[in-house]
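# Tertiary structure, described
Below, each chain spelled out in residue letters.
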Amino acid sequence: MSDKEYNPLSRRKFLGTSSAALVAIAGMQGTASAQQATSIHSKDHHLVNESEPQPKNTALDAQNPSSNFPPETDSGGQPPFKYPFSFAHKRIEGGGWTRQVTVRDLPMSKKMAGVQMRLIKGGVRELHWHVGAEWAFMISGSARITAVDQHGRGFVDDVNEGDLWVFPGGIPHSIQGLGPDGAMFLLVFDDGNFNEFETFLLTDWLHHTPPEVLAKNFDVPDATFANVPPKELFIFERELPRPLAEEKRQVEAITGGVPNSFAFFTSKMSPTKVTKGGEVKIVDAKNFPASNIAAAIVTLKPGGLRELHWHPNEDEWQYYVKGSGRMSVFAAGGRARTMDVQAGDVGYIDRSLPHFVENTGDEDLVFLEVFPTPHYEDISLAEWLAHTPSRLVDQHIGTGEDFLNKIHKKEAVITPE
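Predicted model only: the values in this text are computed from it and were never measured.

About the thresholds
Positions within a chain are numbered from 1, following the residues in the order the chain's sequence is written. The model is predicted, so local features are restricted to residues of pLDDT at least 70 and side-chain atom pairs to those at 80 or more, both for listing and for counting; the totals for chains, interfaces and linings are taken over all residues. By convention in this description, side-chain values take in all heavy atoms of the structure and omit both hydrogens and water. Secondary structure counts use DSSP, requiring at least four H or I residues in a row for a helix and at least two E residues in a row for a strand, with both numbered from the N terminus. Between the two quantities, the radius of gyration covers C-alpha atoms and the globule rule is 2.2 Å times the number of residues to the power 0.38. Any two residues having at least one pair of non-hydrogen atoms within 4.5 Å are treated as being in contact. Using a 1.4 Å probe, the Shrake-Rupley method yields the accessible areas, and only the shown protein chains count as cover for residues. By the counting rule applied here, Lys and Arg register as positive and Asp and Glu as negative, while His and the ends of each chain are not counted. A charge is said to be at NZ when it belongs to Lys, at CZ for Arg, at CG for Asp and at CD for Glu. Reported domain spans reflect what an automatic or database domain assignment gives. Buried area: the accessible surface (1.4 Å probe) lost by two parts on joining, summed over both. Here, a salt bridge means any Lys or Arg side-chain nitrogen found within 4 Å of an Asp or Glu carboxyl oxygen. UniProt positions are given in the numbering used here, feature names are shortened, and annotations may be inferred rather than shown by experiment. Strands qualify as paired when DSSP identifies two bridges or more between them. Every axis corresponds to a line fitted to the C-alpha atoms, with the helix fit spanning only the stretch in contact, and the corresponding angles, defined between N-to-C directions, vary from 0 to 180 degrees. Working definition: a ring pair exists when centres of Phe, Tyr or Trp rings (six-membered ring for Trp) sit within 6.5 Å. Plane angles under 30 degrees give stacked, over 60 give edge-to-face, the rest tilted. The buried label goes to any residue with under 20% of its type's maximum accessible area, the exposed label to any with over 50%, and the partly exposed label to all in between, with areas taken from a 1.4 Å probe on protein chains only. Counted as over-ring charges are cases with an Arg CZ or a Lys NZ within 6 Å of the ring centre that also lie within 35 degrees of the ring normal. As used here, the term nonpolar core means buried Ala, Val, Leu, Ile, Met, Phe, Trp, Tyr and Cys residues forming a set that is joined through side-chain atoms within 4.5 Å.

The number of helices and strands found in the chain is ten helices and 25 strands. The C-alpha radius of gyration of the chain comes to 30 Å, more than 25% above the 22 Å expected for a compact globule of 417 residues. Projected onto its principal axes, the C-alpha positions of the chain cover 125 × 55 × 40 Å. Excluding contacts between residues fewer than 6 apart, the proportion of contacts in the chain whose partners are at least 24 apart in sequence is 76%. By element, 56% of the accessible surface of the chain is carried by carbon and sulfur atoms, the whole surface being about 22300 Å². Measuring between centres, the 40 positive side-chain charges of the chain sit 5 Å from its 54 negative side-chain charges.

Turning our eyes to something else, we now look at the domain arrangement of the chain. When the domains of the chain are assigned, the result is domain 1 (83–265) and domain 2 (269–415). Placing the centre of domain 1 and that of domain 2 at their C-alpha centroids yields a distance of 32 Å. Between domain 1 and domain 2, the residue contacts involve 30 residues of the former and 26 residues of the latter. Contact with domain 2 buries surface across domain 1, with M112, W135 and F264 losing the most and accounting together for 27% of the total. Counting across the domain 1 and domain 2 interface gives one salt bridge. The salt bridge involving K111 is made with E314; its shortest N-O contact spans 3.1 Å.

We now examine the UniProt feature "domain: Cupin type-1" (unreviewed entry) in the chain. Annotation from UniProt places "domain: Cupin type-1" (unreviewed entry) at residues 86–226 and 262–405. Between the C-alpha atoms that bound residues 86–226 there is a distance of 41 Å. The span itself is 10% helix and 45% strand. As a span, residues 262–405 carries 13% helix and 46% strand, and end to end its C-alpha atoms are 45 Å apart.

Quick look at the side chain of S390 now. With respect to the element layout, S390 can be found in helix α9 (residues 390–397). Excluding residues that lie within four positions of it along the chain, S390 makes contacts with E401, L404 and N405.

So, about the sheet that holds strand β16 (residues 294–300). Ordered by their spatial adjacency, seven strands build an open sheet running β1-β21-β18-β23-β16-β15-β14, and the pairing between neighbours is antiparallel. Across the chains shown, the open sheet's two edge strands, defined by having one partner strand only, are β1 (82–84) and β14 (273–275). Put simply, the sheet's adjacent strands are angled 15 degrees from each other on average, direction ignored. Pairing geometry for strand β15 (residues 278–283) and β16, over six bridges, is antiparallel. Bridge pairing in β16 links G278 to L300.

Residue P180 is bonded to the preceding G179 through a cis peptide linkage, with omega at -5 degrees. Here the amide bond leading from T415 into P416 is cis, since omega sits at 0 degrees, within 30 degrees of zero. Examined against the element boundaries, P416 turns out to sit in the segment after β25 (414–415). A positive phi angle, near 60 degrees, is found at H45, a position not held by glycine.

In this section: the packing of aromatic side chains. Using the criterion set out here, one finds 15 aromatic pairs in the structure. A ring pair is formed by W165 and F167, whose centres lie 6.3 Å apart and whose planes are at 40 degrees; its orientation type is tilted. What makes W165 buried here is its relative accessible area of 0%. The interplanar angle of 40 degrees and the centroid separation of 5.8 Å between the aromatic rings of F218 and F225 together place this pair among those described as tilted. Linked through ring pairs, F155, W165, F167, F185 and F262 together constitute an aromatic cluster. The ring of W97 has K90 lying over it, and the distance from NZ or CZ to the ring centre is 4.2 Å.

Ranked by internal contacts, the top residues of the largest apolar core, which has 78 residues, are W135, W165, F185, W317 and V370. Each of domain 1 (83–265) and domain 2 (269–415) contributes no fewer than three residues to this core. For W165, the residues in contact, after removing those within four places along its chain, are E134, W135, A136, M138, I145, V159, I175, F185, L187, F262, A263 and F288. By size, the runner-up hydrophobic cluster in this structure holds five residues, among which are L385, A386, L404 and I407.

UniProt's feature table lists "active site" (unreviewed entry) at E369, given in the numbering used throughout. Position of E369 relative to the elements: it lies in strand β23 (residues 365–371). E369 sits in the buried class, given a relative accessible area of 1%. Setting aside chain neighbours within four positions, we find E369 in contact with A294, A295, A296, V298, R306, H309, H311, E316, W317 and Y376.

Turning to the pairing of strand β3 (residues 96–101), a few remarks are in order. For β3, the tally of buried residues reaches six of six residues, placing the bulk of the element in the interior. Of the two faces of β3, the one lined by G96, T98 and Q100 and the one lined by W97, R99 and V101 are each fully buried. Where strand β2 (residues 91–93) lies against β3, three bridges are found, and the strand directions are antiparallel. If you follow E93 over to β3, its bridge partner there is G96. The turn joining β2 and β3, which pair antiparallel and follow one another in sequence, is formed by two residues. Bridge count for β3 against strand β4 (residues 113–119) is six bridges, and the pairing is antiparallel. Opposite Q100, over in β4, you have V115 as the bridge partner.

So, in structure tokens, the structure goes:
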């Protein structure tokens, strides 16, 4: 039997069949290309591939549209970089309440933790100290703060809405809410593992020290300490403090006051930068010598943008005081994620990761940028491009040198200018 008779597919038939298959494959590829050219996203999310037929948390989805329907520029598995204080357990005491967000809640927040605290009129956060430094921002109301440094020098002052304070690690201190509505404030610590419920408390220490040792230490009868509370006070209500001037004289007697105030009155500070889009106040060791924590207080008007930038020296911990917006963070390896933010949210960005914050609401967006370092540093995208040879930049991004030559040589910080 010949080969031709044995093989039912002749060479001509085989070539013909192969050509037909190739044409069919090419047609399929053309259809796929046409499908790829069709957008898989819609502004109103009406496409079948965008539908969500399952039951869902509608309120949470509405607060987080950038996660529910992310921008097409988002890519990769960037982990969440925000955590709302509303999720945190609240400890309520007679003099107020407190709650915290730490690395245990937001895993990427390794270097910083935050605490919200509310003290009623006369409410006292009892005399205590902790290993890490405490940086604070007054959200509302007023408070009396006290401290004593390692040289026995006393400090007492009153702070109001928008003011700051800092207590270095190991410095004993207290906070008391003043009238008429006490105080609400934010505390930031330069340790992601910080625990507000495990600080060194005066009452707790004395309770766990034998009375005869206390008596010997102060050379008084044992009965002097008969009324030491059997457990920590933590947050409790008492009568208001004496007049500030009187208490200043008392605490500064003999040894004097601290050389650099632990309080910073931000309300008296002119903005570091003002544009049509908002303003920023930068507070660090340059203008607040007692502080080893740097911060920026940013106000964005509706539509305003905290320009594309990054921080080369430290991680950034954020707190959103009021308003709403969105933040996008880019990471090496082509990863990017956008998340929406509201008042009461904590944000965290690792060192050198570029990002922006945009006000997407109809009121001012106010937020804090806090860094575990004495000195504030940032680098903006615009400033980088403006100070790099324009031909080289154009060879990268193809915008034309005219655009590049018009970029301001100094960073805007907030746009529009």
